[in-house]
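Residue-level structural notes
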Amino acid sequence: MNLTAQQEWPWLSKCKDLLFGSVPERLIAFSRMIFWCFALFAVYIDPTKPTAYLDETFDLLIIYLIYSVLILYVSSTRKLGFPLQFLIHVIDIAVLSLAVILTEGVVSPFFTFYSFTVFTATMRWGWRGAFSTAALLEVLFIALSWHEIEFTFSRDSRMN
């Protein structure tokens, strides 16, 4: 008897349909929620990383996780138009920048989540969105690291 994978594991096709067969906004919302669950878990497990503003960082992560769940619910129930997608994108960038500022600056583990915003911009608006978001993130990177830039060009500079 030759069964296909869909006949053997019907739950697998339902999971695929939920994530990959859906509108991109639902996949983005699900990814956002998973990323922030891991971030919250990482700060909970190792609270030494955001040394200066631990309580503020933890509060920001909890609030943003609740926001992520709400966006997942809204994106599952209706189609989000461009103005709402753009607002969500701006909020993502602002909250990520705030998380970077509250933790260790450009060496913060949250800095890697900037790639998530480029990913979401690519899914929503193609290469133009990815390019615009990457340019904005580069300006934010320079602004966040401006105080660390040494204008004396020595061999043992901290900026590498």
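Summarised in this report is the structure supplied together with it. (Residues numbered from 1 in each chain as written. Predicted model: local features only at pLDDT ≥ 70, side-chain atom pairs only at ≥ 80, totals over all residues. Heavy atoms only, no water.)

1. What about the environment of Ala94?
For Ala94, the location among the structural elements is in helix α5 (residues 82-102). Between the C-alpha atoms of Ala94 and Leu140, which are 46 residues apart in sequence, the distance is 10.0 Å. (Helix = DSSP H or I, 4+ residues; strand = E, 2+ residues; numbered from the N terminus.)

2. Let's talk about the side chain of Ser68
Mapping Ser68 onto the fold places it in helix α4 (residues 54-77). Here Ser68 falls in the buried class, since its relative accessible area comes to 0%. When residues no more than four places from it in sequence are discounted, the contact partners of Ser68 are Ala29, Arg32, Met33 and Trp36. (Buried < 20%, exposed > 50% of the residue type's maximum accessible area, 1.4 Å probe, protein only. Contact = heavy atoms within 4.5 Å.)

3. Things to note about the packing of helix α3 (residues 24-45) against α4
Here α3 crosses α4 at 160°, and the two axes come no closer than 9 Å. Between α3 and α4, the interaxial angle falls into the category roughly antiparallel. For the crossing formed where α3 meets α4, the hand is left-handed. Partitioned by chemical class, the residues of the contact of α3 with α4 number 19 nonpolar, 3 polar and 3 charged. (Axes fitted to C-alpha atoms, helices over the stretch in contact; angles between N-to-C directions. Parallel < 35°, antiparallel > 145°, perpendicular 65-115°, else oblique. Left-handed = near helix turned anticlockwise from the far one by under 90°. Nonpolar A, V, L, I, M, F, W, Y, C, P; charged D, E, K, R; others polar.)

4. A word on the nonpolar core
Ranked by size, the top nonpolar core spans 26 residues in total, and within it Trp36, Ala39, Leu61, Phe110 and Tyr114 carry the most contacts. Taken together, the elements giving at least two residues each to this core come down to α3, α4, α5 and α6 (114-145). Here Trp36 is in contact with Leu61, Tyr64, Leu65, Ser68, Val95, Leu96, Ala99 and Phe110, once residues within four sequence places are set aside. (Core = buried A, V, L, I, M, F, W, Y, C linked by side-chain atoms within 4.5 Å.)

5. Some words on the packing of aromatic side chains
All chains considered together, the criterion is met by 8 aromatic pairs. The structure contains a cluster of three or more aromatic residues connected by ring pairs, namely Phe35, Trp36, Tyr64, Tyr67, Phe113, Phe116 and Phe119. (Phe/Tyr/Trp six-rings, centres within 6.5 Å; stacked < 30°, edge-to-face > 60°.)

6. Observations regarding α3
When the terminal C-alpha atoms of α3 are compared, their 31 Å separation across 22 residues agrees well with the 32 Å that a helix rising 1.5 Å per residue should span. Restricting attention to buried positions, one finds in α3 the residues Glu25, Leu27, Ile28, Ala29, Ser31, Arg32, Met33, Trp36, Ala39, Leu40 and Val43. (Expected span 1.5 Å × (residues − 1).)

7. Regarding empty space enclosed by the protein
Rolled over the atoms, a probe sized like a water molecule indicates the empty space that remains. One pass over the structure, following the stated rule, counts 1 cavity of 30 Å³ or more. Counted as a void, the largest cavity has a volume near 40 Å³. Around the largest cavity, the lining residues are Arg32, Phe35, Trp36, Tyr64, Asp92, Leu96, Phe113 and Phe116. When residues of the lining of the largest cavity are traced back to their parent elements, those giving at least two are α3 and α5. Per-element tally for the lining of the largest cavity: the top contributor is α3, with 3 residues. (1 Å grid on protein atoms, 1.4 Å probe; cavity = no way out; pocket = protein on both sides within 12 Å on 5 of 7 lines; lining within 4 Å. Points joined across faces, edges and corners; volume = space filled by probe spheres on them.)

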